[in-house]
Each structure stands twice: as structure tokens, then as C-alpha cells.
Amino acid sequence: MENEKEIQLSSGRRMMIFLCLVVSGIASSILSTAMTTALPNVVDYFGISTSIGQWITSGYSLAMGMIMPLTAFLITKFPTKKLYLTGIAAFILGLLISIFAGNFGFMMVGRVIQACGNGVLMTAAQVIILTVYPVEKKGTMMGTYGLATTAAPVIAPTVAGLMIDAFGWKSIFWVSLVIMAVSFIISSIVFDDVLELQDKKFDVISFVESIVAFGGITLGIGNISSFGLISIESGLPLVAGAIVCVFFMVRQCRLEKPFLDVKILANRKYAVSVIASMVLYLVMMGSSVMMPLYVQSVMGYSAVVSGLVTLPGSLATAVVSPFAGNLYDRIGIKKIFAAGSAALVISNIGMYFLTMSTPLWVAAAFNVIRNIAIGSLMMPLLTWGTSNVHPTKVADASSLLTSLRTIAGSIGSAIFVGIMTVVSAASADVYGDNAMMHGMNVSFLWMTAGAVALFLISIFAVRERR
């Protein structure tokens, strides 16, 4: 249903706003993965250990997870134009701090500010697109936005490697700075206040609870691969986050005007989309971590070969996204959901049957199938879920879904690597040199179970096409 803001926006102004969202989305998305390539350079530059240096990426993800619940409040409290420009300005400030940082501590301050700006920009962009476009175009536009924000992180590590060799690691920040500066200027001219404001008061207790809950769970899960589940570094933040999460949700249900309206989970279609998105991210992040391990640790090839094996699949995700969005607009969610989850089952079960003698192109082909499935499900599920809540709750719906699927993705990365490690060690006597391959096979078998669960959700939990 179109609101008054939609009627007042001309198609030209709407498209200009959309282009601003895409440009800033590309620049902010680049920084989520590009720094993985720069890690060795950052470690040498600041004279720190790799375990500390990896916080340039994991710390960024942690800050993103913590800021997401707050964005739902900000979007409904402050005018759209001022909030979006503030998000870009925060990102630019974070870039400048990272560029001129004299030590790693200040570098991380910049990265955290970048993550906070990106959290506002990402959630605001999704809510704006879902608000200003009519129902019949939401899927296509979300798919196109997904193409930009998905392609950028995929290509970023490769481009970053070339830039680092030519101009040094700080050039990554400089390029993003230029793009963001241009986006700020254009957005200040073409943007409009397209979202309705609500009379909400800032609840300090809810804000603190959300940081401890979402931040604790994300940090705890992220530490499992380094410290194990039974450790202070993993167990303490995980348990604390889970306990506070319960208190947070109870408080939101009791507040007349909640900080983050979790009661929208009572909406059946939205709840199904959240559960499906979480299962999808669980499997997706598991496979994204396992593929490089398969190529390098199991098969013994170089990082360059690993990149070549995974790149076609990653590009397939980006390319299929707008087509999936357009298909969603035409035929609805049920058929896309069923076909995509079925392809996910096929690709993962195929990886279960790989052996040491299987050519790499076979794994690359299964990876392409898996990524096509992911690309066809990611944005349509979000669009379908948020389109079925009340227009005033879209900001809450987008923030909550994004936060929960991010946590699910972290769980997937930890669980499936853990399965591979445990099974490999336990079967070393039986499988010998093939123990790691067996561990990888078993890990993908469990991913297949997740994909089957997703397929069953598409068949039995989705009744209508929209």
C-alpha cells in the first residue's frame, strides 16, 4: 500500500534516492571484506600479532551486530534525510580516523565508527526501498540493491589486493572516502524525508540490554573457533548475551512503545521469513568458510586457486539477485523458496560425496549451484517478511531480521568448522590422510540437513504465494 510520501515522490526523485542508496551501500559493503586482504600489511604496519589484527574484520562485524537494534529506533525517531546523511558522515569520520591512526587502538576506533555508520545506512536503505516502492516493484528493487551490496564484498578482496600492491593498504580507505564524499553531496541534494516518524522515547535500559545481548552472543560465537566452546572467552559472553536477550525481549513485550518491537514475531509470515533467513545464513556462512578450507587445507592448493574456485559462485550470487527479485514480484515467494532450497540441498549433498581424486571444477560447480540458491533466497525472503508487517513496523522488522540472521551466520561458521575439526581428529586412525576430507564431507552432510529443513519450511510453512 502506498502512503502519502510515495505519492509525492516523482519516479525521477525516487530513482535518484535509490542510486544514492546503492552507491553508499557499495562503499560501505566494500569495507566489510576488503580488510581481510590487508590483514598481513596492517599487522606489519602496527607491529601487532595476527590474533589482534584480525579484529579489523571481526570487530567490525561485532559492532555491526550491536548497532542494528538501535537503528530501528533511529529510523522512526529522526527525519530520513538527516539520519542518512549522519550515517554517511559517521562512516567518513571512521575512515579518516583509520587513515591517520598512529596506533592500532585508534585504527579500531575508526573501524567501530565505520560499522556504526554502515549499520544505520544498511537498515535505513532497506526500509526506504520497502517504503517508497509499490508492492509490485519491491522485490525487483531490493534484488537490485542486493546485487550492489553483494557484489561489492565478493570483488573487494581481489581489488583490494591489487590496490595494496600498487598504493599500500590505506588506499582502500581513501577510495571508500572519495565514494562516500560524493554520495554525501548527492544525497544532500536529492534525498527527502520519506519515512514517517513515531513518538518514541529512548529507553536506556533497552539500549544497554540490546548491546549486551546481541554483542555478547556475536562475540561469544566468534570466539568459539579460536578458544573453543568451553572457555571464558566464548562461554562467558555467550551465556551473558543469551540471558540478557531473554530480559530484553520480555521488556520489549511489556513496553507500550518498545525500543525494538519483537512482538512482530507474532505475525506468522514474518516469523517464517525470520526462521528461514536464519537457517539460510547458518548454511551460507558455513559453506563460505568451508570452501576455502577444502581447497587449501584438504586439497593443498594455494590461496589464489581457492579464490578462483569460489569466485564464480560468489559472482553468481550477485548476478542472480536482481533476477530473483523480479521473479518474486511476478510469481511470489513460494515457488522461488522451494526451488532455491531444493538447489541448496543438491549442492550440499554433492559436496558430501567428494573424494581426494575429485577434480576441483566439480566442487566449483556445486559452489555455483549453492550460491545461485542463496542469491535467489536472500533478498526475496527479507522482502516477503517485511512486506507482511504493518508499514510503521518495517524498521523494526528489517533490523530484527538482519540482527538474527547475522547471529545465525556466526553460529554456522563456528559449528561447521567445529564439526570438520572434531570428525577429522576422531577418524584419523580409520581414514588416515583422508581424515580431513571425511571431516569436510560430514560437515557438508550437516549443512544438507539444514538445507532440507529450509526446503520443508518452504513446502509446509508457506501457504500463500505472497
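The structure displayed is predicted, hence computed values, not measured ones.

Q: Pulling in residues and values, what's your account of the overall build of the chain?
A: Along the backbone of the chain there are 17 helices and 0 strands. Taking 466 residues into account, the globule formula puts the C-alpha radius of gyration at 23 Å, and the chain, at 22 Å, falls close to it. Based on the C-alpha atoms only, the size of the chain along its principal axes is roughly 70 × 55 × 45 Å. Of all 466 residues assigned to the chain, the portion counted as buried reaches 55%. Excluding contacts between residues fewer than 6 apart, the proportion of contacts in the chain whose partners are at least 24 apart in sequence is 81%. Looking at the chain as shown, the accessible area adds up to about 19,300 Å², and 72% of this sits on carbon and sulfur atoms. Here the chain contributes 27 positive and 20 negative side-chain charges, whose respective centroids are spaced 6 Å apart.

Q: Now, about the environment of Leu-236: what can you tell me, with residues and values included?
A: Mapped onto the fold, Leu-236 is located in helix 10 (residues 232-254). What makes Leu-236 exposed here is its relative accessible area of 55%. For Leu-236 and Gly-216, which are 20 residues apart along the polypeptide, the C-alpha to C-alpha distance reads 8.3 Å.

Q: Just give me the short version of the packing of helix 11 (residues 268-298) against helix 14 (residues 360-387), but keep the residues and values in it.
A: Describing two packed helices takes the angle between their axes plus the distance from one axis to the other. Relative orientation of the contacting elements helix 11 and helix 14 amounts to 155 degrees, with a least axis distance of 10 Å. Taken together, the axes of helix 11 and helix 14 are roughly antiparallel relative to one another. Every pair of crossing elements has a handedness; the one defined by helix 11 and helix 14 is left-handed. Within the contact between the two elements, helix 11 uses Lys-269, Tyr-270, Val-272, Ser-273, Ala-276, Ser-277, Leu-280, Tyr-281, Met-284, Ser-287, Met-291 and Tyr-294 and helix 14 uses Leu-360, Ala-363, Asn-367, Arg-370, Ile-374, Leu-377, Met-378, Leu-381, Trp-384, Gly-385 and Thr-386. Looking at the contact of helix 11 with helix 14 residue by residue, the classes come out as 15 nonpolar, 6 polar and 2 charged.

Q: If you had to explain the nonpolar core to someone new, which residues and values would you point to?
A: Membership of the largest hydrophobic core comes to 88 residues, with the highest contact counts inside it found for Leu-21, Met-35, Val-42, Met-107 and Trp-169. In this view, Val-42 contacts Met-35, Ile-48, Ile-56, Phe-104, Met-107 and Trp-169; residues no more than four positions away in its chain are not counted. Counting residues in hydrophobic clusters, the runner-up holds 49 residues, among them Phe-337, Leu-344, Phe-416 and Met-440.

Q: Explain the confidence of the model for the chain to me, using residue names and the numbers behind them.
A: Overall, the predicted model of the chain reaches an average pLDDT of 85, with 95% of residues at or above 70. In the model, residues 1-7 has pLDDT below 50 throughout and makes 13 contacts with residues more than four positions away in sequence or in other chains.

Q: Please set out a nonpolar patch on the surface residue by residue, giving values where relevant.
A: Taken together, Met-15, Met-16, Leu-19, Val-178, Val-182, Phe-184, Ile-185, Ile-186 and Ile-189 make up a surface patch of nonpolar side chains, about 770 Å² in accessible area. Breaking the nonpolar patch down by element, the ones donating at least two residues are helix 2 (11-46) and helix 8 (171-190). When residues in the nonpolar patch are grouped by element, the largest group, 6 residues, is from helix 8. Tracing the backbone through its elements, the reader meets Ile-189 in helix 8.

Q: Can you explain the pattern of salt bridges? Please cite residues and give values.
A: Tallied over the full model, the rule gives 2 salt bridges. The salt bridge involving Arg-251 is made with Asp-203; its shortest N-O contact spans 2.8 Å. Within this pair, whereas Arg-251 is found in helix 10, its partner Asp-203 is found in the loop between helix 8 and helix 9 (204-227), the two being separated by 48 residues in sequence. Where Asp-261 meets Lys-393, a salt bridge forms, and the shortest distance between an N and an O atom there is 2.9 Å. Taken together, the residues Asp-261 in the loop between helix 10 and helix 11 and Lys-393 in the loop between helix 14 and helix 15 (394-426) connect sequence positions 132 residues apart. With a relative accessible area of 7%, Asp-261 lands in the buried category.

Q: Provide a residue-level description of the environment of Ala-152, including the pertinent values.
A: For Ala-152, the position within the fold is in helix 7 (residues 135-167). When the C-alpha positions of Ala-152 and Leu-95 are compared, they lie 17 Å apart, and in sequence the two are 57 residues distant. Non-local contacts of Ala-152, meaning those with residues more than four positions away in its chain, are made with Ile-26, Ser-29 and Ile-30.

Q: How would you explain the side chain of Ser-234 if you had to name every residue and give the values?
A: Take Ser-234: it is sitting in helix 10. Leaving out residues up to four positions away in the same chain, Ser-234 has contacts with Gly-220, Asn-223, Ile-224, Phe-227, Gly-228 and Leu-229.

Q: Go over the packing of helix 15 against helix 17 (residues 435-460), please, and point to the residues and values.
A: Two elements in contact, helix 15 and helix 17, have axes whose closest approach is 8 Å; the angle formed by their N-to-C orientations is 140 degrees. The orientation of helix 15 relative to helix 17 falls into the category oblique. Classified by chirality, the crossing of helix 17 by helix 15 is right-handed. Seen from helix 15, the contacting residues are Phe-416, Ile-419, Met-420, Val-423 and Ser-424; seen from helix 17, they are Ala-435, Met-436, His-438, Gly-439, Met-440, Val-442, Ser-443, Trp-446 and Met-447. Tallied by class, the residues present in the contact of helix 15 with helix 17 amount to 10 nonpolar, 4 polar and no charged.

Q: Tell me about the packing of aromatic side chains, and name the residues and values.
A: Taken as a whole and assessed by the stated rule, the structure comprises 15 aromatic pairs. Taking 6.2 Å as the distance between ring centres and 85 degrees as the angle between the ring planes, the aromatic pair formed by Phe-18 and Tyr-133 counts as edge-to-face. Linking Phe-18 in helix 2 with Tyr-133 in the loop between helix 6 (104-132) and helix 7, this pair joins segments that are 115 residues apart in sequence. The class of Tyr-133 is buried, set by a relative accessible area of 5%. With a centroid separation of 6.0 Å and 90 degrees between ring planes, the pair formed by Phe-100 and Trp-174 is classed as edge-to-face. Residue Phe-100 is found in helix 5 (residues 80-100), and its partner Trp-174 is found in helix 8; the two are separated by 74 residues along the sequence. Residue Phe-100 is classed as exposed on the basis of its relative accessible area, which comes to 61%. On the basis of relative accessibility, which here comes to 41%, the residue Trp-174 falls in the partly exposed class. Among the aromatic residues, those joined into a ring-pair cluster are Tyr-45, Phe-46, Phe-104, Trp-169 and Phe-173.

Each value, and the rule that gives it
Residues numbered from 1 in each chain as written. Predicted model: local features only at pLDDT ≥ 70, side-chain atom pairs only at ≥ 80, totals over all residues. Heavy atoms only, no water. Helix = DSSP H or I, 4+ residues; strand = E, 2+ residues; numbered from the N terminus. Rg over C-alpha atoms; globule rule 2.2 N^0.38 Å. Buried < 20%, exposed > 50% of the residue type's maximum accessible area, 1.4 Å probe, protein only. Contact = heavy atoms within 4.5 Å. Areas by Shrake-Rupley, 256 points an atom, 1.4 Å probe, with all protein chains shown as cover. Lys, Arg positive; Asp, Glu negative; His and termini not counted. Charge placed at Lys NZ, Arg CZ, Asp CG, Glu CD. Axes fitted to C-alpha atoms, helices over the stretch in contact; angles between N-to-C directions. Parallel < 35°, antiparallel > 145°, perpendicular 65-115°, else oblique. Left-handed = near helix turned anticlockwise from the far one by under 90°. Nonpolar A, V, L, I, M, F, W, Y, C, P; charged D, E, K, R; others polar. Core = buried A, V, L, I, M, F, W, Y, C linked by side-chain atoms within 4.5 Å. pLDDT = per-residue confidence, 0-100. Patch = residues over 30% accessible without salt bridge, like charges linked within 9 Å, V, L, I, M, F, W, Y side chains within 5 Å. Salt bridge = Lys/Arg side-chain N within 4 Å of Asp/Glu carboxyl O. Phe/Tyr/Trp six-rings, centres within 6.5 Å; stacked < 30°, edge-to-face > 60°.

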